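# Chains, contacts and geometry: an overview
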Amino acid sequence: MKNIFFRHQPDKEAAHWAATLLLSTLTLVSLSGCGADGTSADSGTTTEAPVDTTPDPSTDPDTEEPREWQAVGGAATVTFQDDLAFLQFIPGLDLATAPTVSQGRELFVADWTAAPGSRTLLDGLGPLFIASACDDCHLVSGRAASLNDDGTTSHGILFRLGTLDGQPDTYLGGQLQTSATVGAPEGRVTWQDIGLGQPQFQLSEAEHTLDDGVQLGPRLSPQLTGVGLLELVPEAQILQWHDPDDQDQDGISGRAHSLEREGVACLGRFGWKAVQCTLRGQSAGALHQDMGLTTPLNPAEPCTDQQSICSEQPSGGDPEVSLDSLNAINDFLTLLAVYDRRIDDQTQFDRGAGLFEQVGCDDCHRPTLTTGDTSAFEQLNQQTIYAYTDLLLHDMGEALSDGMKEGDAGDREWKTPPLWGLGLIEGNGDSRFLHDGRAETLVEAINWHGGEAEAARQAWEALQETGQQDLLVFLRGI
Ligand code: HEC
Ligand code: HEC
């Protein structure tokens, strides 16, 4: 399967990254006790006295028996062998009966070109765009590097443009396009560390100055683990935790991002601020805003009225990406498998799981969700999945504000990101955490939690060293 994915490998960097991922994954499996800072986490093995918490966090609090773990993604789970973790399809999928999936995969990794191109199916890129392939940003459907050697930001991170009350820039629009097939791109962004890893982004070589109050809203490219399963979780299940006024007074006031897309009210679940309800909407948005490709959902090129460059360039079709192609990409995303847990020391892992609950991480990173029964692919229906998210928006405090509103989500509000697969990312040196990539390790990511997560962060800080290591072992294994 690997050879198919890399038959038209985008570039050497991807090959290098893929190899790094593969190696780091292997390393992680065998050395899953290695700390974020390179220190050993072996201090928390079974020979130690239990950590400072009662009841014993390694047991299931309901039964007080050892925990039982089902497969992470139900029937959509694969176990690691010698392939790339983020680019596998659900088990038992007969590609002959799902030809669109292979086509979707081709479209995901393909490099699009400006029109007219020699491959008409794949032309129409730009004129303004960020990357020429989905896979440039979601490298083998994981996370790409965020920084270039010269301090400018790379494909792993893009920038929305907006104000505190949600207005886009009148000249550049709602997203900065850092490349152009002809003429100048809209600008470039450099990354400056202003202490503790908090980045300050600066726009340079801009085609036009930003309107007053318009901010750069950084968005790291997330891994695409289990997105098909997340799409199938019924809204009612997510809404059970919707508690905007914190009526249950647990300090957590998560709320659903209510949106309207294609004329229908829906609940946002994709993107850092949950601005897309469906994979179809997400893909169409990416084709349009990230790659400059029109689709049946976005028939006009992504230029503002003030940017004449779009109307002056040849089009790659009307639309440039057909409904069939969009559906094929959708099937590809839907059928991506989830990679199973990596557990080295079951007792330590279970203790970490217990501490994750005791310090309150699970108030937002909800361990399980169950998919509905509406998928045409039977294996995806009614599966219990361990994604560790409630898919709700939370106020995460001022330090994580991006200074803009997106949809109905405020500047301090972020969707709880799913945590499955994160341990595989930490093994890859270039990939980072949180919406703007400010955290280089899982520990840094936890330490930036504020707002509704302030109490959980404090409880994490109060854990003994061994407890913290147990919790990290758990996080790296899910
Ligand atoms: C320029 C980089 C870039 C390109 C190209 C790109 N993406 Fe993304 N993708 C992102 C970023 C950044 C996000 C998070 C967006 C947000 O926060 O609103 C994202 C989010 C997603 C998500 C939602 C993941 C989640 O769990 O929230 C999916 C699915 C996705 N992209 C699929 C695609 C597909 C399919 C393509 C190609 C058609 C594509 N992307 C092209 C950067 C990119
Ligand atoms: C109030 C809800 C809430 C609680 C409680 C919470 N988190 Fe989070 N977590 C979030 C949100 C929202 C983000 C994304 C914030 C951002 O990107 O700016 C996040 C991000 C993360 C990330 C980075 C994910 C990524 O994809 O880069 C990790 C790791 C994480 N949380 C672990 C934890 C742990 C461990 C705990 C318990 C100590 C915890 N969280 C408690 C809501 C919460």
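The following refers to the structure shown. Everything numeric in this text was worked out from a predicted model, so none of it was measured. (Residues numbered from 1 in each chain as written. Chains lettered and ligands numbered in written order. Predicted model: local features only at pLDDT ≥ 70, side-chain atom pairs only at ≥ 80, totals over all residues. Heavy atoms only, no water.)

## Topic: helix H7 (residues 279–290)
What counts is decided by this rule: Every helix listed is a DSSP run of H or I at least four residues long, and every strand listed is a run of E at least two residues long, numbered separately from the N terminus. One less than the number of residues in a helix, times 1.5 Å, gives the span that helix is expected to have. Burial classes: relative accessible area under 20% of the type maximum marks a residue as buried, over 50% as exposed, and values in between as partly exposed (1.4 Å probe, protein chains only). The contact criterion used throughout is that any non-hydrogen atoms of two residues lie within 4.5 Å.
The first and last C-alpha atoms of H7 sit 15 Å apart over twelve residues, in line with the 16 Å expected at 1.5 Å per residue. Taken as a whole, H7 has its buried residues at Leu279, Gly281, Ser283, Ala284, Gly285, Leu287, His288 and Asp290. Lining the buried residues of H7 we find strand E2 (128–129), strand E3 (157–162), helix H5 (227–231) and helix H9 (323–334). Downstream of H7 by a residue or two, glycine 292 has a phi angle that is positive, lying close to 70°.

## Concerning the side chain of aspartate 411
Rule in force here: Asp and Glu count as negative and Lys and Arg as positive, but His and the ends of the chain are not part of the count. Salt bridges are defined by distance alone: a side-chain nitrogen of Lys or Arg within 4 Å of a carboxyl oxygen of Asp or Glu.
Turning to its location among the elements, aspartate 411 is positioned in the loop between strand E13 (393–395) and strand E14 (413–415). Buried and without a salt bridge, aspartate 411 has arginine 412 as its closest oppositely charged side chain, separated by 5.7 Å. Aspartate 411 has contacts with Leu164, Lys273, Leu400, Ser401, Asp402, Gly403 and Met404, leaving out every residue within four places of it along the chain.

## Examining the site of ligand 1
Under the convention used in this document: The near set for a molecule or strand comprises every residue that places at least one heavy atom within 4 Å of it. Counted as a polar contact is a pair of N or O atoms within 3.5 Å, where, for protein atoms, one must be capable of donating a hydrogen and the other of accepting one, and residues adjacent in sequence contribute only when both atoms are in side chains. Note on residue categories: nonpolar means Ala, Val, Leu, Ile, Met, Phe, Trp, Tyr, Cys or Pro, charged means Asp, Glu, Lys or Arg, and polar means any other residue, Gly included.
Around ligand 1, the structure places 30 residues, and the nearest of them are Cys134, Cys137, His138, Gly271 and Trp272. At a separation of 2.8 Å, an oxygen atom of ligand 1 approaches a polar side-chain atom of arginine 160. Glycine 271 places a main-chain nitrogen or oxygen 2.7 Å from an oxygen atom of ligand 1. For the shell around ligand 1, the elements supplying multiple residues, two or more each, are helix H4 (134–137), E3, strand E7 (215–220), H7 and H9. Here the element with the most residues in the shell around ligand 1 is H7; it accounts for six residues. A breakdown of the residues in the shell around ligand 1 according to their chemical character gives 20 nonpolar, six polar and four charged.

## Some points on the state of the cysteines
The cut-off we apply is this: When two cysteine sulfur atoms lie within 2.5 Å, the pair is treated as a disulfide.
Scanning the entire structure with this criterion turns up two disulfides. Paired by a disulfide, cysteine 266 and cysteine 277 hold their sulfur atoms 2.0 Å apart. An S-S torsion of about 70° defines the bridge between cysteine 266 and cysteine 277 as right-handed. Here cysteine 266 is found in strand E9 (residues 264–268), whereas its partner cysteine 277 is found in the loop between E9 and H7, with eleven residues between them in sequence. Of the two residues, cysteine 266 and cysteine 277, neither departs from the other in class, the shared state being buried. Linked covalently through their sulfurs, cysteine 303 and cysteine 310 form a disulfide whose S-S length is 1.6 Å. On the S-S bond that ties cysteine 303 to cysteine 310, the torsion sits near 55°, and the link is right-handed. Like cysteine 303, the residue cysteine 310 is buried in the burial classification. For the protein, the bonded cysteines pair up as 1-2, 3-4 when numbered in the order they occur along the sequence.

## Considerations on the coordination of the iron atom of ligand 1
Put simply, the rule is: Keep in mind that water is not among the atoms, so a site may look incomplete; donors are the N, O and S atoms within 2.8 Å of the metal, or 3.2 Å for Na, K and Ca.
Here the protein supplies the iron atom of ligand 1 with just one donor, His138 (NE2), and that contact is 2.0 Å long. Residue placement: histidine 138 occurs in the loop between H4 and E3.

## Considerations on H9
Count 3.6 residues to each turn of an α-helix, and residues three or four apart come out pointing the same way. In this model H9 runs 16 Å from its N-terminal to its C-terminal C-alpha over twelve residues, within 8% of the 16 Å that 1.5 Å per residue would give. Counting buried positions over the twelve residues of H9 gives nine, a clear majority of the element. Within H9, the full set of buried residues consists of Ser325, Leu326, Ala328, Ile329, Asn330, Asp331, Phe332, Leu333 and Thr334. Structurally, H9 contributes buried residues whose contacts are with helix H3 (99–109), H5 and H7.

## Here's the deal with the site of ligand 2
Around ligand 2, the structure places 30 residues, and the nearest of them are Arg143, Cys361, Cys364, His365 and His449. Between ligand 2 and histidine 435 there is a distance of 2.6 Å, counted from an oxygen atom to a side-chain nitrogen or oxygen. Contacts to ligand 2 include histidine 449, whose side-chain N or O atom sits 2.8 Å from a nitrogen atom. Considering each element in turn, the shell around ligand 2 owes the most residues, three residues, to helix H12 (residues 442–447). Taken together, the residues that form the shell around ligand 2 break down as 21 nonpolar, six polar and three charged.

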